[in-house]
2 protein chains.
Amino acid sequence: MTLEEVARRAGVSTATVSRVLNNAGVVKESTRRKVLEACRELRYHPNLHARSLAGGKSRTLGMIVSNIQNPFFLDIFCSLESVAFQHNYEVVVEHTDYRPSRLVAAVRSMLGRRVAGLAVIVSEMEPSLIDELSASNIPVVFYDVGHPARNITNIRVRYEKGMQRTVEYLYSLGHRRMAFVGHHAGLDPLHERLRAFLDTMGRYCGEVRYTSAVSSDSPAGGRQAAHQLLASGFEPTAILCVNDFMALGVLRELRERGLSVPGDVSVTGFDNIGISEFTCPALTTVNIPRRRIGEMAFEILVQGQTATANADREILIDPELVVRESTGPAPEA
Amino acid sequence: MTLEEVARRAGVSTATVSRVLNNAGVVKESTRRKVLEACRELRYHPNLHARSLAGGKSRTLGMIVSNIQNPFFLDIFCSLESVAFQHNYEVVVEHTDYRPSRLVAAVRSMLGRRVAGLAVIVSEMEPSLIDELSASNIPVVFYDVGHPARNITNIRVRYEKGMQRTVEYLYSLGHRRMAFVGHHAGLDPLHERLRAFLDTMGRYCGEVRYTSAVSSDSPAGGRQAAHQLLASGFEPTAILCVNDFMALGVLRELRERGLSVPGDVSVTGFDNIGISEFTCPALTTVNIPRRRIGEMAFEILVQGQTATANADREILIDPELVVRESTGPAPEA
DNA sequence: GGAATCGTCGTAAGCGCTTACAGGGGCGGG
DNA sequence: CCCGCCCCTGTAAGCGCTTACGACGATTCC
């Protein structure tokens, strides 16, 4: 089913059909109706490939995330998708499993699709991409990695702040032995969170002791890390998780071991994903405005194209501590 | 950056470059290297649109789900994506929010993309789609809705069985007052689950009483439904949820009200999503082999294309009860 | 009444790729 | 030494669409 067949059926030229379908140019009302009628009868669906090849533009955005199973990334995707949908854009996601090689492949694939804009929300990084993307001439939003460059805007969350609040808060509750649970993808932003953790600890709590464990980014990974942590003999009074997703598993492991949260040990997450308030106990965490991040990404990619072109930008977001039930005073030694 | 520029740079024709890039035809090793070299220097990325327009085929699959935030759908997507990735295919998702109108739009969009195959994993339905898809000549997999037709394979999960097991199990534990929590998208498969619930109840338990509540498909929705349920005065000893995602909220609401699970009331879910074993208490649920569904979808879409062409098929899956901690004997009256 | 104007539409040239098909060297065999 | 064949490569015709550009009849204006 092609444009030409529709044109033939409606007794007009392909140009006219195209005009009708794109609401471009002027078409007499009666011919418009004929064309639409023909489209319906023939169950015509325009070929998007031909369309964006000819038009040189596409109404689809690309988004690359590290782990789409993690609600944090998923939420950002949904948020972007939602705004995009309202503006008649589509967005295709790809995930990298935290592997730089897959990141590169995903970016290439997106460039191949000639997306109208690309949001890269990942933890891992591949330095060469910056140049490649910058040279590609399509607007790009990075989350947390890479500095801004031509066409590239960077949205950065100040993890230090969030981590600092968390540590201070736990410290004020009397916690002195803390542990950090992270995941394997030990690249920048994670190091960043861990570093922030250590920095703050060093600054505020001279006598504090810590340890850390890593596993995969999933509840099961969190559980495994917690297991490993507790098996090591170190007995933390508080466990800080790199994100809520893993914290789920940590909570589970603690319960399994008969440790009460927050009675015996306090637990904190990061991200404030939706289910973190449905855990038991509800998770104390650090909120990151995912909805806004998605919206901002859209604005930058689509609308900012003209508005702030070439205005190399970096957007900073301050996360905030959300205290719920999983944290409490440190147990008496 | 086009094929032609690469060709010029490498001093060959576009046909040769194309051959190199697609590993098609024979090319002398030295020219192959020259071409690849040119590609690298020019940071060339083939235009996928042009490619699939010219080639008439694309290596991308489409997938439409009702609610991608629900881990059930997400898992199937990830599973499909994973196999697809191994075979060098990509898959683009779209979600409908349970709205038939969005389903139609999504299907059209996928047809417009000329996907190589389409998996429609949704609860809602729009009858006209069957014909439209069947006529489109691309392989399609439906989950749970629609009967098989030309090019269309249907994967059906026998909810009745799962529901039956669940009800029987609860009945054997002494439960007589049960409630059902569902969501708004009251279309076929959901009705199916509710119907299965009622059927079984009617058959096995003459004296059983029930009620049901619906809300949106999310933990928050589950919580709201539970709230509404308990506010109604009906005091169930068991709550069966249409899926695990909503069960999360039900558990939370019960805890909030000081009701112990399973001491005061038992709770069951459906789907066996990953986090259902990380809830507190761990959720008794019905497993649906999501991984296999994704894999089957791929086989049908890509490999079955030739193997079982035109062999109208329906695949049946029997779900199985997974007993965990959220169910127990009914409290003494 | 003829020219200028406007609204409506058709013509045709690509967009960047794939792919028959043909062509042109190099080689071996007759 | 010439023919045939095999390797390798180039030529060019599309794939289905968008979009300048121009054509054409119907108004309108002087």
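Chains are numbered independently. Their residues run from 1 in the order of the written sequence. Each chain takes a letter, starting from A, and each ligand takes a number, starting from 1, following the order in which they are written. With the structure being a predicted model, the display of local features is reserved for residues of pLDDT at least 70 and the display and counting of side-chain atom pairs for 80 or more, all residues being used for whole-chain, interface and lining totals. Just so you know, side-chain values use all the structure's heavy atoms and leave hydrogens and water out.

**Thoughts on the protein's contact with DNA strand C**
Here a residue is considered near a molecule or strand provided that any single heavy atom belonging to it is located within 4 Å of it. Every one of the 26 residues lining DNA strand C counts as a neighbour, but T16(A), K28(A), L3(B), S18(B) and Y44(B) are closest to it. Within 4 Å of the protein, the contacting atoms of DNA strand C are drawn from sugar and phosphate to the extent of 66%. N or O atoms within 3.5 Å of each other form a polar contact, as long as, within protein, one can give a hydrogen and the other can take it, and as long as residues adjacent in sequence are counted only when both atoms are side-chain atoms. Between DNA strand C and the protein, one listed contact pairs a base nitrogen with a side-chain N or O atom of R19(A) at 2.9 Å. Contact distances for DNA strand C include 3.0 Å between a phosphate oxygen and a side-chain N or O atom of R51(B). Helix and strand definitions here come from DSSP, where helices need a minimum of 4 consecutive H or I residues and strands a minimum of 2 consecutive E residues; each element is numbered from the N-terminal end. At the level of secondary structure, the elements contributing two or more residues to the surface near DNA strand C comprise α2 (14-22) and α4 (48-55) of chain A together with α2 (14-22) and α4 (48-55) of chain B. When its residues are assigned to classes, the surface near DNA strand C shows 12 nonpolar, 10 polar and four charged. Residues were grouped as follows: Ala, Val, Leu, Ile, Met, Phe, Trp, Tyr, Cys and Pro as nonpolar; Asp, Glu, Lys and Arg as charged; and all remaining residues, including Gly, as polar.

**Examining the state of the cysteines**
The definition used for a disulfide is geometric: two cysteine sulfur atoms within 2.5 Å. According to the stated counting rule, one finds one disulfide over all chains in the structure shown. In this structure C78(A) is not part of a disulfide, and its nearest cysteine sulfur, from C78(B), lies 12 Å away. Taking the relative accessible area as the measure of exposure, C78(A) reaches 7% and is therefore buried. Not part of a disulfide, C241(B) finds its nearest cysteine sulfur in C280(B), a span of 15 Å. For every residue, the accessible area (1.4 Å probe, protein chains only) is compared with the maximum for its type, and the residue is labelled buried under 20%, exposed over 50%, or partly exposed between those bounds.

**Regarding the relation of the copies chain B and chain A**
Each copy is superposed on the other by least squares, with the fit set by C-alpha atoms of residues at a pLDDT of at least 70 in both. Mapping chain B onto chain A calls for a screw motion: a turn of 180° about the axis and a shift of 0.0 Å along it, with 0.1 Å RMSD after fitting. What the superposition gives is, in effect, a two-fold axis relating one chain to the other. The position closest to the rotation axis in chain B is occupied by the C-alpha of H49(B), lying 2.2 Å away.

**A look at the protein's contact with DNA strand D**
Close to DNA strand D lie 26 residues; L3(A), S18(A), Y44(A), S13(B) and T16(B) are nearest. Among all atoms of DNA strand D positioned within 4 Å of the protein, those belonging to sugar or phosphate total 66%. S13(B) is positioned with one of its backbone polar atoms (N or O) 2.7 Å from a phosphate oxygen of DNA strand D. Counting residues per element, the ones that place at least two in the surface near DNA strand D are α2 and α4 of chain A together with α2 and α4 of chain B. Split into classes, the residues belonging to the surface near DNA strand D amount to 12 nonpolar, 10 polar and four charged.

**A look at the sheet that holds strand β2 (residues 90-95) of chain B**
To summarise the sheet geometry, strands pair through backbone hydrogen bonds and adopt either a parallel or an antiparallel arrangement. Residue and element names in this part refer to chain B. When DSSP finds two or more bridges between a pair of strands, those strands are recorded as paired. One open sheet accounts for six strands, arranged β2-β1-β3-β4-β5-β11; its pairing is parallel. Edge positions in the open sheet fall to β2 and β11 (313-317), since each of these has one partner strand only. If you compare each strand with its neighbour and ignore which way they point, the axes differ by 15° on average. To get an axis, fit a line to the C-alpha atoms, keeping to the stretch in contact for a helix; angles then go from 0 to 180 degrees between the N-to-C directions.

**Some words on the packing of aromatic side chains**
Each aromatic ring pair is summarised here by two numbers: the centre-to-centre distance and the angle between the ring planes. Pairing of aromatic rings covers Phe, Tyr and Trp, the last through its six-membered ring, and needs centres within 6.5 Å; plane angles under 30 degrees mean stacked, over 60 mean edge-to-face, and all others mean tilted. If you walk through the whole model with that rule in mind, you get 10 aromatic pairs over all chains. With a centroid separation of 5.5 Å and 65° between ring planes, the pair formed by Y159(A) and F270(A) is classed as edge-to-face. Taken together, the residues Y159(A) in helix α8 (residues 159-172) and F270(A) in the loop between β9 (266-268) and β10 (285-287) connect sequence positions 111 residues apart. The same class applies to Y159(A) and to F270(A), which are both buried. Aromatic pair Y89(B) and F298(B): ring centres 5.8 Å apart, planes at 85°, arrangement edge-to-face. With Y89(B) in the loop between α5 (71-86) and β2 and F298(B) in helix α12 (residues 290-307), this residue pair connects regions lying 209 residues apart in the sequence. Grouping residues by exposure puts Y89(B) and F298(B) together as buried. Members of the aromatic cluster, each reached through a chain of ring pairs, are F72(A), F73(A) and Y143(A). Charges are assigned to positions over rings by a cutoff of 6 Å between ring centre and Lys NZ or Arg CZ, combined with an angular limit of 35 degrees from the ring normal. The ring of Y171(A) carries the charged tip of R176(A) above its face, separated from the ring centre by 3.6 Å.

**Considerations on α5(B)**
Residues and elements named next belong to chain B. Look at α5: 22 Å from first C-alpha to last across 16 residues, which is about the 22 Å you get at 1.5 Å a residue. Where burial is concerned, most of α5 is hidden: 13 out of the 16 residues are buried. Just past α5, the residue N88 takes up positive phi, approximately 65°. By this rule, a helix spans an expected 1.5 Å times one less than how many residues it contains.

**What about the interface of chain B and chain A?**
In this complex, chain B contributes 48 residues to the contact, which on the side of chain A involves 48 residues. Interface of chain B and chain A: buried area, both sides summed, is about 4400 Å²; carbon and sulfur atoms make up 56% of it. Contact with chain A buries area across many residues of chain B, yet H45(B), H49(B) and F278(B) alone supply 17% of it, more than any other trio. The term salt bridge refers to a pairing of a side-chain nitrogen on Lys or Arg with a carboxyl oxygen on Asp or Glu at a separation within 4 Å. Along the contact surface separating chain B from chain A lie 10 salt bridges. We call two residues in contact when some of their heavy atoms are within 4.5 Å. Summed over both partners, the accessible area (1.4 Å probe) lost when two parts come together is defined as the buried area.

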